[in-house]
Amino acid sequence: IDNENNIVFTQKGKDYILSGQSKYIIDINLETNKANVLKVDFIISNVSWTQVKDLKDPSIVIKDKVFQYSGKKGIQGSASGILINESNYDFDRIHIKTILYDNKNNIIGLGKTELRTVLSKEKRYFETNWDEIFDTNVSKVEMEANTNIFDSDNILKIKEGGDERFLRLDE
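Counting restarts for each chain, with residues numbered from 1 along the sequence as it is written. Two thresholds apply to this predicted model, a pLDDT of at least 70 for residue-level local features and 80 or more for giving and counting side-chain atom pairs, whereas whole-chain, interface and lining totals are computed over all residues. To obtain the side-chain values, all non-hydrogen atoms of the structure were used and water was disregarded.

Asker: Quick question: what am I supposed to make of the overall build of the chain here?
Answerer: Counting from the N terminus, the helices are DSSP H or I runs at least four residues long and the strands are E runs at least two residues long. The helix and strand inventory of the chain stands at 0 helices and 9 strands. Listing each helix as α and each strand as β along the chain from the N terminus yields β-β-β-β-β-β-β-β-β. The burial tally for the chain puts 31% of its 171 residues in the buried class. If you take every contact in the chain between residues at least 6 apart in sequence, the share linking residues at least 24 apart comes to 71%. Burial here depends on accessible area, computed with a 1.4 Å probe over protein chains only, as a share of the maximum for the residue type. Under 20% is buried, over 50% is exposed, and the range in between is partly exposed. We call two residues contacting when some pair of their heavy atoms lies within 4.5 Å.

Structure representation (structure tokens):
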């Protein structure tokens with residue numbers, strides 16, 4: 001919503017969240033027609049809750065998180081890390097969200113990327129780039145990796161010793 005109370009952009013989507021989990025919702029390159037966005041309303045609707053037993057953590061971790069200013073053409077800054085799939089499962093898609101903070105803990109940059117076909121026990125380098133320079137220095141980098149364990153098409157293969165599935169739905 002802009003400073004004249006006009007709706008400049010509407011986005012619909014769906015996602016999942018596990019009990020006790022918090023998640024960032026990041027959408028980049030929104031078409032706001034260069035409007036001066038004053039306020040964002042976030043509405044959650046059509047919620048579908050599923051009670052689960054024996055929930056298994058997919059064991060995806062990110063190590064070696066780094067932000068650096070880049071000398072590459074067209075790239076001003078780059079955040080990178082190593083994603084490690086410590087689970088017994090091969091995944092089709094893992095989403096990584098990156099949040100950059102200044103020294104006053106203000107968010108100054110958001111980014112996201114997706115890794116495809118991440119095998120069990122695999123370590124994979126990833127990078128998120130920014131093409132514009134920030135008004136202030138980056139002092140902290142936060143990264144979050146998620147994969148949808150409710151989507152059976154996302155679980156490609158279970159390695160030996162893995163459970164049949166991550167969770168059992170209550171009858």
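Asker: Before we go on, may I ask you to explain the packing of aromatic side chains in this structure?
Answerer: Given two aromatic rings, one states the distance between the centres and the angle between the planes to describe the pair. Working definition: rings of Phe, Tyr and Trp (its six-membered ring) pair if their centres are within 6.5 Å, and the pair is stacked with planes under 30 degrees apart, edge-to-face with planes over 60 apart, and tilted otherwise. Evaluated as defined, the whole model comprises 3 aromatic pairs. Cation over ring: Lys140 sits above Tyr101, and NZ or CZ is 4.4 Å from the ring centre. Criterion for a charge above a ring: Arg CZ or Lys NZ at most 6 Å from the ring centre, at most 35 degrees from the ring normal.

Asker: Would you explain the nonpolar core in this entry?
Answerer: Considering soluble globular proteins, one finds that nonpolar side chains tend to be buried as a cluster. Residues enter a nonpolar core if they are buried and are Ala, Val, Leu, Ile, Met, Phe, Trp, Tyr or Cys, with the set joined through side-chain atoms within 4.5 Å. Counting 18 residues, the largest nonpolar core has Phe67, Leu83 and Phe126 as the members making the most contacts within it. Mapped by element, the contributors of at least two residues to this core are β2 (60-69), β3 (77-85), β4 (89-101), β5 (107-118) and β6 (123-130). Tallying contributions element by element places β4 first for this core, with 5 residues. Setting aside its immediate chain neighbours within four residues, Phe126 contacts Ile62, Ala79, Ser80, Gly81, Ile82, Leu83, Ile96, Thr113, Leu115 and Met143.

Asker: Sorry if this is basic, but what is going on with the sheet that holds β2 here?
Answerer: Backbone-to-backbone hydrogen bonds join strands into a sheet, with any given pair of strands oriented parallel or antiparallel. Any two strands between which DSSP finds at least two bridges are classified as paired. Taking strand neighbours across the sheet as the criterion, the 3 strands line up as β2-β3-β6 in an open arrangement whose pairing is antiparallel. One side of each edge strand has no neighbouring strand; the edge strands of this open sheet are β2 and β6. Each strand axis lies, on average, 20 degrees off the axis of its neighbour in the sheet, ignoring direction. Note that β2 and β3 share 8 bridges and pair antiparallel. When the bridges of β3 are listed, Tyr69 appears paired with Gly77. Helix axes are fitted to C-alpha atoms over the stretch in contact, other axes to C-alpha atoms as well, and angles between N-to-C directions run from 0 to 180 degrees.

Asker: Teacher, can you tell me more about the pairing of β4 here?
Answerer: For a regular strand, side-chain orientation follows a simple rule: the groups alternate between the two sheet faces. Burial analysis of β4 places 11 of its 13 residues in the buried class, which makes it a mostly covered element. As paired elements, β4 and strand β8 (residues 155-158) share 3 bridges and run antiparallel to each other. Looking at the pairing, Tyr89 lines up with Ile158 of β8. Two strands pair when backbone bridges link them, and β4 and β5 are joined in this way by 10 bridges, in the antiparallel orientation. For His95, the partnering residue across the bridge sits in β5 and is Glu114. Following β4, the chain reverses through 5 residues before pairing antiparallel with β5; Asn105 in that reversal takes a positive phi of roughly 65 degrees. Sheet analysis places β4 next to strand β7 (residues 140-146), joined by 7 bridges and oriented antiparallel.

Asker: Is there a simple way to think about the environment of Tyr24 in this case?
Answerer: Of note, Tyr24 is situated in the segment before β1 (52-53). The sequence separation of Tyr24 and Glu144 amounts to 120 residues, and the corresponding C-alpha distance is 8.1 Å. Setting aside residues no more than four positions away along its own chain, Tyr24 makes contact with Lys97, Ile99, Tyr101, Glu142 and Glu144. A polar atom in the side chain of Tyr24 sits 3.1 Å from the side chain of Tyr101. The term polar contact refers here to a pair of N or O atoms within 3.5 Å; inside protein, the definition further demands a hydrogen-donor-capable atom paired with an acceptor-capable atom, and it admits residues adjacent in sequence only when both atoms are side-chain atoms.

Asker: Just checking my understanding: could you explain the confidence of the model for the chain for this structure?
Answerer: Reading predicted coordinates in detail is not appropriate for stretches of low pLDDT. On average, residues of the chain carry a pLDDT of 84, and 85% of them reach 70 or more. Values of pLDDT, which run from 0 to 100, indicate the predictor's confidence residue by residue. Across the chain, β3 holds the top mean pLDDT of 96, while strand β9 (residues 168-169) sits lowest at 44. Predicted confidence is poor over residues 167-171, with pLDDT under 50, and the contacts of this stretch with residues over four places away or in other chains come to 14 contacts.

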